[in-house]
Every structure is written in structure tokens, then in C-alpha cells.
Amino acid sequence: ELREVVRPLREPGYREALGRKAERARKRRLRLQRRKQEAKAAKEEEATRAAEREAKIDQWRAKCIQEVEEKNREQELKAAADSVLSEVRKKQADTKRMVDILRALEKLRKLRKEAAGRKGVCPPPSADEAFESQVESLKTLLKNRTELYEAEERALRVMLEGEQEEERKREMEKKQKKEREKLLQQKLEIDSKLFGDQDEFPLAHLLQPFREYYLQAEHSVAALIQIRHEWDQYLVPADHPEGSCIPPGWVLPSLPTNDTWATAVR
């Protein structure tokens, strides 16, 4: 039985076949391990991206909630101010109506006094003095109320104008912030086209010396003067046939015209 078991081991080529089989098994295990590691890395990367997306969503949601709350507070404050201003205007209208009524009473008494005088009936001077005293007292009261309501209206208008000015200032700041972010994004895109992506090409990359060369004017006044002097040598009028004006920013490279160039750019 033992001879029968070891007989295949003595056959020619058995050891090579067994080695190939073992090598295939080893490679299969390595492939499985590599796929498992790749799947794990992909899962972790997807989890990281999902966490980043969730964080951005939470940040965006918090920003939206804050904007809505600020807008609601502003609307509530404006509504309260408008309500108070409406009450003040109503009081002013009531005061004006009372003044008109008082003038009408004065006119009515004058007419009745003239009619009574034509009939030979004249009221005593004390009645005229009492009426005039009462009218003057009411006029003084109405005048004080009118001045008080006008002061309240001015204060409310100043407050509303201040709120509107703050709102305009906030809108302007938001607009300026968006413009700055837009310009920064454009600068990053231009830098990426000229010097490559910073995430893909770190500072120690071979393109770093070129980056430092082209950006030396931002860190050295002497380099700025030298570069400006070199540029000024080529200054010509705008209508000169052999020249053109200095570009206001970076001169971006044109798109690749063939596959070979595109491969080198990538």
C-alpha cells in the first residue's frame, strides 16, 4: 500500500506538476487577498466620501437654518416696527381729527355768537373767557401730543432705515464673499493648469522650482522690479503691428492638439 502511495512521486514530471499546482494556488490566494484589500480600501474610501458629503450637507443645512432664522428675526423686527409705526400714524390721524373738530367748534361758536348778536342776545364775557381758556388748553395738549408722535415716528424711521442699511450691508458682504470665492476658485484653476494639482504634485515635486520661479515676484520686491523691467522693454503702443499689450493675468496654455501631447500633459 505504501509503494502504491509513493509510486506517483517517482513518476517523471510529477514534482514539476505539483509545483505548478502549488504556484497556482499561491497566486490564487494572493489574488483573493489583493481583491479583499482593494474592496476594503474602496469601502473605506466610500465611507470617507460619505462622511465628507454628510459633513458638507450638515454644514449647508446649518447655514440655511441660520439664514432662515436671521431672515425671520428681521421680518419679525420689521413687522413689529411697522405695527408700532402704524399705531403712531393712527394716533397722529386721531390728533389731527381732534384739531379739525376743535377748529370746527370754534367756527360754529363764532357763527352762533354772530347770529345771537343779530337777535340782540350777547353772552357774558366770562363765557367767552371760559371757552377760549378751554380751547387753548386743548390746543396745547394736542400740540404736545403731535410733537410726541412726530418724535416717535422719526425714531421708528431711523430704526427702520438702520435695519435696511444693515440688510444692504449684509447683502453687499455676501456678494463680495461670493466674488472673492469665485476669484479664488479661478486662481486655483489657473494655478492647477499652469503648475499642476497641489494634491497630485506636492511641494517636493519636480515642478516646485518652476512654481517658485514664476511666483518669485509675490515674495521679493527686487524680483518684481526686475520682472517688470523685462516686461517694460517690450512695451509698444496698442496699434503697433508687431506688438500687443501686456496680458492682465496668466497666459493659459492652449488645449492639446494631438493624442501624444495630451498624454504628456496628463
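Keep in mind that this is a model prediction, so the values were computed, not measured. Here the residue numbers are simple positions, counted from 1 along each chain's written sequence. Where totals are concerned, whole chains, interfaces and linings use all residues; where local detail is concerned, this predicted model gives features only for residues with pLDDT of at least 70, and gives and counts side-chain atom pairs only at 80 or more. Only hydrogens and water are removed before side-chain values are computed, so all heavy atoms of the structure are retained for them.

Novice: Can you help me understand the overall build of the chain in this one?
Specialist: Within the chain one finds six helices and zero strands. Ordering the α and β elements of the chain from the N terminus gives α-α-α-α-α-α. For the chain, whose C-alpha radius of gyration is 45 Å, the value lies well above the compact-globule estimate of 18 Å for 266 residues. Out of the 266 residues belonging to the chain, those deemed buried represent 8%. Two residues qualify as a contact provided that any one of their heavy atoms is within 4.5 Å of a heavy atom in the partner residue. Considering only contacts in the chain between residues 6 or more positions apart, those separated by 24 or more positions represent 62%. Approximately 23500 Å² of the chain is accessible, and the part contributed by carbon and sulfur atoms is 56%. Segments assigned H or I by DSSP are reported as helices when at least four residues long, segments assigned E as strands when at least two residues long, and all are numbered from the N terminus. C-alpha atoms define the radius of gyration, and 2.2 Å times the number of residues to the power 0.38 defines the globule rule. Three exposure classes are used, based on accessible area relative to the maximum for each residue type with a 1.4 Å probe and protein chains only: buried under 20%, partly exposed in between, and exposed over 50%. All accessible-area figures derive from a Shrake-Rupley calculation using a 1.4 Å probe, and residue coverage is judged against the displayed protein chains alone.

Novice: What should I look at first to understand helix H2 (residues 14–118) in this one?
Specialist: Working note: α-helix, 3.6 residues per turn, so residues spaced by three or four point in the same direction. Expected helix span is computed as 1.5 Å times (number of residues minus one). Its 105 residues give H2 an end-to-end C-alpha distance of 153 Å, which sits within 8% of 156 Å, the value for a rise of 1.5 Å per residue. The set of residues buried in H2 consists of Ala81, Leu85, Val88, Thr95 and Leu102. Positive backbone phi, at 90 degrees, marks Gly120, one or two positions downstream of H2.

Novice: Just to check I follow, could you spell out the UniProt feature "coiled-coil region" (unreviewed entry) in the chain for this structure?
Specialist: UniProt positions are given in the numbering used here, feature names are shortened, and annotations may be inferred rather than shown by experiment. With numbering matched to this structure, UniProt assigns "coiled-coil region" (unreviewed entry) to residues 161–189. Counted over residues 161–189, helix gives 100% and strand 0%. Its end C-alpha atoms are 42 Å apart.

Novice: Hey, could you run me through the pattern of salt bridges in this one?
Specialist: Pairing between side chains becomes possible if they bear opposite charge and their charged atoms approach one another. Salt bridges are counted wherever a side-chain nitrogen of Lys or Arg sits within 4 Å of a carboxyl oxygen of Asp or Glu. In this structure the tally under the stated criterion is nine salt bridges. Between Glu46 and Arg49 there is a salt bridge, with the nearest N and O atoms lying 2.7 Å from each other. Taken together, the residues span about one helical turn, with Glu46 and Arg49 both in helix H2 at a distance of three residues. Several salt bridges converge on common partners, so that one network encompasses Glu45, Glu46, Arg49 and Arg53.

Novice: I would appreciate a short explanation of the layout of surface pockets in the present structure.
Specialist: To find the voids left in a structure, one rolls a probe of water-molecule size over its atoms. Throughout, the protein atoms alone are placed on a 1 Å grid, and a set of points is a cavity if a 1.4 Å probe fits but cannot get out or a pocket if it is open with protein on both sides within 12 Å along at least five of seven lines; lining residues have an atom within 4 Å of a point. Grid points are joined across faces, edges and corners, and a volume is the space filled by probe spheres set on the points. There is about 720 Å³ of room inside the largest pocket. As for the largest pocket, its lining consists of 21 residues, and the residues nearest its centre are Tyr214, Ile227, Trp231, Gly249 and Trp250. Secondary-structure elements contributing two or more residues to the lining of the largest pocket are helix H3 (125–195), helix H4 (208–214) and helix H5 (221–232). No other element matches the six residues that H5 contributes to the lining of the largest pocket. Residue composition of the lining of the largest pocket, grouped by class: 13 nonpolar, three polar and five charged. Under the convention adopted here, Pro, Cys and the residues Ala, Val, Leu, Ile, Met, Phe, Trp and Tyr are nonpolar, Asp, Glu, Lys and Arg are charged, and Gly plus all remaining residues are polar.

Novice: Can you walk me through the confidence of the model for the chain in this structure?
Specialist: Predicted coordinates in areas of low pLDDT are best not read in detail. Confidence of the predictor in every single residue is expressed as pLDDT, which spans 0 to 100. Averaged over every residue, the pLDDT of the chain is 81; residues scoring 70 or more account for 91%. Predicted confidence in the chain is weakest over H4, with a mean pLDDT of 78, and strongest over H5, with 86.

Novice: Sorry if this is basic, but what is going on with the nonpolar core here?
Specialist: Side chains of nonpolar character tend, in soluble globular proteins, to be buried together. Residues Ala81, Leu85, Val88, Tyr149, Leu156 and Leu160 constitute the largest nonpolar core, which totals six residues. Those elements giving two or more residues to this core turn out to be H2 and H3. Apart from the residues within four sequence positions on either side, Val88 is in contact with Tyr149, Glu152, Glu153 and Leu156. The set of buried Ala, Val, Leu, Ile, Met, Phe, Trp, Tyr and Cys residues whose side-chain atoms join them within 4.5 Å is what this entry labels a nonpolar core.

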